Amino acid sequence: LNTIFMKELFAYFTAFKKRDPEFHEKFENFAFEEVFENSLLSKKESILVILASLIGCQSPKAFKKILKASLDMDITPVEVKQLLYQSVVYVGFGKAHNFFGVVSKVFDMKDIEYPLESQYVAKDEVNKNHFESFCFDDIYDGGLSECEKQLIAFSLLVSHGGCENQLESNIESNLAVGNDGEKLISVLRAILPYIGVPRASNALEKCASFRQLKQTN
């Protein structure tokens, strides 16, 4: 992963840079360079898990700035829409609501026509109610791969906090689609600057204990 490109995500923090250039420089070097050294994430995956993390830890202002930069890079409007839909399942509409408004404003700034074309894909209408359809991703299937969706889910759960028990099943789901433990550690490194050490450490411990459990069985 080329860390030079990742620094472009910090391009819209101009007021921050003007008011506190020393901290801006240190944080930029840490959050957009050091944490990506030896990362197994692609550029696109890195951006997706950061955006998901900012929803999970409820940071709409930072989300807005990084989203603006992301749309100039590898992320499409459809993928942003799917990320939003997926976030509702994990953090609830009460916490995701603000980010729908942020995305609409950023799309307006970027002259992206909104609403976007529907990406709804009904997988099985038989014996499935609206809740099941919502939770099992019928409403946001399309542009994101299964690997990307699982990485996003991992980032949302870790960043939301208090979801360590749910992490076990999510880690298993990630492994099932090919996202190994080292890749999940790369996710934790990428989102560490936004969620802080305690939450990242809790998730890392869960990953380690899960791996030990699997090895003994």
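Quantities reported herein were computed from a predicted structural model and do not represent experimental measurements. (Residues numbered from 1 in each chain as written. Predicted model: local features only at pLDDT ≥ 70, side-chain atom pairs only at ≥ 80, totals over all residues. Heavy atoms only, no water.)

Draft legend 1. The overall build of the chain, seen in detail. A tally of helices and strands in the chain yields 12 helices and 0 strands. Written out in order from the N terminus, the α and β elements of the chain read α-α-α-α-α-α-α-α-α-α-α-α. Residues counted as buried form 44% of the 217 residues belonging to the chain. Put simply, of all contacts in the chain between residues at least 6 apart along the chain, 72% involve residues at least 24 apart. Carbon together with sulfur atoms contributes 52% to the accessible area of the chain, which is approximately 11,100 Å² in total. (Helix = DSSP H or I, 4+ residues; strand = E, 2+ residues; numbered from the N terminus. Buried < 20%, exposed > 50% of the residue type's maximum accessible area, 1.4 Å probe, protein only. Contact = heavy atoms within 4.5 Å. Areas by Shrake-Rupley, 256 points an atom, 1.4 Å probe, with all protein chains shown as cover.)

Draft legend 2. Quick peek at the pattern of salt bridges. Overall, the coordinates contain 7 salt bridges when judged by the stated rule. In this structure, Lys44 engages Glu148 in a salt bridge whose closest nitrogen and oxygen atoms are separated by 3.3 Å. Here the residue Lys44 occupies a position in helix H4 (residues 43-56), and Glu148 occupies one in helix H9 (residues 146-160), the gap between them amounting to 104 residues. Residue Lys44 is classed as buried on the basis of its relative accessible area, which comes to 18%. Note that Lys206 and Glu168 form a salt bridge whose closest N and O atoms lie 3.7 Å from each other. (Salt bridge = Lys/Arg side-chain N within 4 Å of Asp/Glu carboxyl O.)

Draft legend 3. The packing of aromatic side chains, seen in detail. Across all of its chains, the model carries 10 aromatic pairs by this definition. Judged by centre distance (5.6 Å) and plane angle (50°), the ring pair of Phe16 and Phe23 falls under tilted. One aromatic cluster is present, built from ring pairs that chain together Phe10, Phe13, Phe16, Phe23, Phe27, Phe32 and Tyr194. One residue, Lys65, lies across the ring of Phe13, its end atom 6.0 Å from the ring centre. (Phe/Tyr/Trp six-rings, centres within 6.5 Å; stacked < 30°, edge-to-face > 60°. Lys NZ or Arg CZ within 6 Å of the ring centre and 35° of its normal.)

Draft legend 4. Examining the nonpolar core more closely. Counting 59 residues, the largest nonpolar core has Leu9, Phe63, Ile66 and Phe154 as the members making the most contacts within it. Among the elements that make up this core, the one with the highest residue count is H4 (8 residues). Those residues in contact with Phe63 that lie beyond four places of it in its chain are Leu51, Leu54, Ile55, Phe99, Val102 and Val103. (Core = buried A, V, L, I, M, F, W, Y, C linked by side-chain atoms within 4.5 Å.)

Draft legend 5. Seen up close, H4. End to end, H4 covers 20 Å across 14 residues, agreeing with the expected 20 Å (1.5 Å per residue, within 8%). Burial of H4 is extensive: 14 of the 14 residues sit out of reach of the surface. Following H4 by one or two positions, Gln58 has its phi on the positive side, about 60°. (Expected span 1.5 Å × (residues − 1).)

Draft legend 6. Expanded view of helix H7 (residues 93-109). For H7, with 17 residues, the first-to-last C-alpha span of 24 Å sits near the 24 Å given by 1.5 Å per residue. All of the buried residues along H7 are Ala96, Phe99, Val102, Val103, Val106 and Phe107. Mapping the buried residues of H7 onto a view down its axis gives an arc of 135°, with all of them on the same face. Along H7, the residues that are exposed and aim more than 90 degrees away from the buried face are Gly94, Lys105 and Asp108. On its buried face, H7 sits against H4, helix H5 (60-70) and helix H6 (77-91). Positive phi appears at Asp111, one or two residues downstream of H7, with a value of about 55°. (Arc of directions from axis to C-beta.)

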